[in-house]
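Coordinate inspection notes
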Amino acid sequence: MSGVPIRVFIADDHAIVREGLAKLIEGSEGMRLVGQCGDGLQAMEDIKRAEPDVAVLDIGMPGLNGLDIWSKVTGKPDSPAIVMLTVSAEEHVIARALRNGASGYLLKESAYRELEEAIQAVARGELYLGKGISREVLAHLRSEVQLPVDTLTLREREVLQLVAG
């Protein structure tokens, strides 16, 4: 690994999780925290401004969920790699996250060391699936089956999330 620290942004609506991860990242050699927030819409703006190498996102957040943030911040040459850090181990959710541009997927039950490994791997351009993630997800990725939520536009998903929220 080069001497340049990996710039990391954290978005999670649970303050204790977000702040705890921030402290751990600040204490990790080779990483530098460049921002954090607990709202999806704010995260989208903050990520653009902070220009992290890696964004660690929860799926369920107010404003805009982590699965939809990717479309606002990825796709450009300087886009951050995305690691989803969440409680959902459902294969279709994991497949959707990876299909939508996430480079890594990790369950919140993981140890911090595994998050460090995921951040380092995706910063190198690798795919990272955490322990406990079924490799059957790859079959979902190869399938052309679309879930009803996948047919909604980003704005329609935002409105649906606000109504449900």
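To be clear, the structure that these remarks concern was listed above.
Figured I'd write up the structure that's included with this text. (Residues numbered from 1 in each chain as written. Predicted model: local features only at pLDDT ≥ 70, side-chain atom pairs only at ≥ 80, totals over all residues. Heavy atoms only, no water.)

Regarding the side chain of Glu 116
Where we set the bar: Runs of E in the DSSP output that reach at least two residues are strands. Runs of H or I that reach at least four are helices, and both are numbered from the N terminus. The contact criterion used is simple: two residues touch if any of their non-hydrogen atoms lie within 4.5 Å.
Of note, Glu 116 is situated in helix α5 (residues 112-123). The residues contacting Glu 116, other than those within four sequence positions of it, are Ser 28 and Met 31.

Description of the pattern of salt bridges
Our working definition: For this analysis, a salt bridge means a side-chain nitrogen from Lys or Arg found within 4 Å of a carboxyl oxygen belonging to Asp or Glu. A simple rule labels every residue: compare its accessible area, found with a 1.4 Å probe on the protein chains alone, to the largest value its type can have, and call it buried under 20%, exposed over 50%, or partly exposed in between.
Inspection of the entire model under this criterion finds six salt bridges. Where Lys 108 meets Asp 12, a salt bridge forms, and the shortest distance between an N and an O atom there is 2.7 Å. Pair noted here: Lys 108 is in the loop between β5 (104-107) and α5 and Asp 12 is in the loop between β1 (6-11) and α1 (15-26), with a separation of 96 residues, a long-range link. Overall, the relative accessible area of 25% leaves Lys 108 in the partly exposed class. Across the salt bridge formed by Arg 113 and Glu 116, the nearest N and O atoms sit 2.9 Å from each other. A residue pair is termed a helical-turn pair when its members lie 3 or 4 positions apart in one helix, as Arg 113 and Glu 116 do in helix α5 at three residues. Judged by its relative accessible area of 13%, Glu 116 falls in the buried class. Three or more residues are tied together by salt bridges with common partners; here these are Asp 12, Asp 58 and Lys 108.

Interpretation in functional terms is not warranted from these geometric data alone.
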